[in-house]
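Working through the structure, step by step
Each chain is listed here by its residues.
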Amino acid sequence: MGQRSQIYVRYGNKLVVANYYQWNFGERMISRARYGIEYIKENLIQYKDYIFNNSYEMKRLGRIFDVNFDRKDVQMGQNIVQEWKEQFPDKKLFNDVVFKQQDNNDGKLFVDILKDGTIKYAFLDSECDIENVMSANQYMDRNYKNWKKSKFIESEQKLLCINNIKAIKEMAELMTKEEVEDFIQCKYEI
């Protein structure tokens, strides 16, 4: 058993990243969110129509989210869509299997790239409760009460996490409940 979580990235009606992780939680998830969003902002937005139609570039984006640049750690995410194709080829089950039936005890990250280049994000808890859309700071508060004073997070990691939360807020907008609901219920190109 690990600290299981998922990261999803959408562009239009394409789910370009759907990664399942065994060891991704707390400040580790925040690091992946920050650097993944930064990579999208700095490398993909300008050429989004080309890049988001290129399977090699999408695989690369998925791997960017595998890296925790702060801890210099890599967790190889499992491709949830590929596993769905192998196990549940019934399109009616896609959204439930991909978004709601994944083992999870440390939440989910959603990143939505809009056609105009705006990047939106949201964190949800392990139950995928859309009534509780969280910012990066709220996600940390939910995972660790008084995390800034926690003896389980090194001082350097706390400072990096604070900076990562600030960077996420500067680069991306928090999604609304309705936007998260649309993300989860979208009819994706598969």
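Higher on the page you've got the structure.
Given the structure is predicted, the values throughout are model-derived calculations rather than measurements.

To continue, consider the packing of aromatic side chains. One pass over the full model with this rule turns up 13 aromatic pairs. Measuring from centroid to centroid gives 6.0 Å for F99 and Y188, while their planes differ by 40 degrees, and the two rings are tilted. In this pair, F99 is assigned in helix α5 (residues 94-100) and Y188 in the segment after α8 (177-185), connecting sequence segments 89 residues apart. By the burial criterion, F99 is buried, and Y188 matches it. Ring pairs connect the aromatic residues Y8, W84, F94, F99, F110, F183 and Y188, which therefore count as one cluster. The side chain of R32 reaches across the aromatic face of Y21, ending 5.7 Å from its centre. When the ring centre of Y35 is taken as origin, the NZ or CZ atom of R34, which lies over that ring, is 4.5 Å away.

Turning our eyes to something else, we now look at the packing of helix α6 (residues 136-143) against helix α7 (residues 155-171). Their axes nearest at 9 Å, the elements α6 and α7 cross at an angle of 145 degrees. Together, A136, N137 and M140 of α6 and C161, I165 and I168 of α7 make up the contact between the two elements. Taken together, the residues of the contact of α6 with α7 sort by class into five nonpolar, one polar and no charged.

Before going further, it helps to spend a moment on unusual backbone geometry. Phi at K72 takes a positive value of approximately 55 degrees, unusual for a residue other than glycine. Classification of K72 by relative accessible area gives exposed; the value is 73%. Positive phi, normally seen in glycine, also occurs at C128, with a value near 60 degrees. Among the structural elements, C128 can be located in the loop between β7 (119-124) and α6. Classification of C128 as buried rests on a relative accessible area of 8%.

The rules behind the values
Residues numbered from 1 in each chain as written. Predicted model: local features only at pLDDT ≥ 70, side-chain atom pairs only at ≥ 80, totals over all residues. Heavy atoms only, no water. Phe/Tyr/Trp six-rings, centres within 6.5 Å; stacked < 30°, edge-to-face > 60°. Helix = DSSP H or I, 4+ residues; strand = E, 2+ residues; numbered from the N terminus. Buried < 20%, exposed > 50% of the residue type's maximum accessible area, 1.4 Å probe, protein only. Lys NZ or Arg CZ within 6 Å of the ring centre and 35° of its normal. Axes fitted to C-alpha atoms, helices over the stretch in contact; angles between N-to-C directions. Contact = heavy atoms within 4.5 Å. Nonpolar A, V, L, I, M, F, W, Y, C, P; charged D, E, K, R; others polar.

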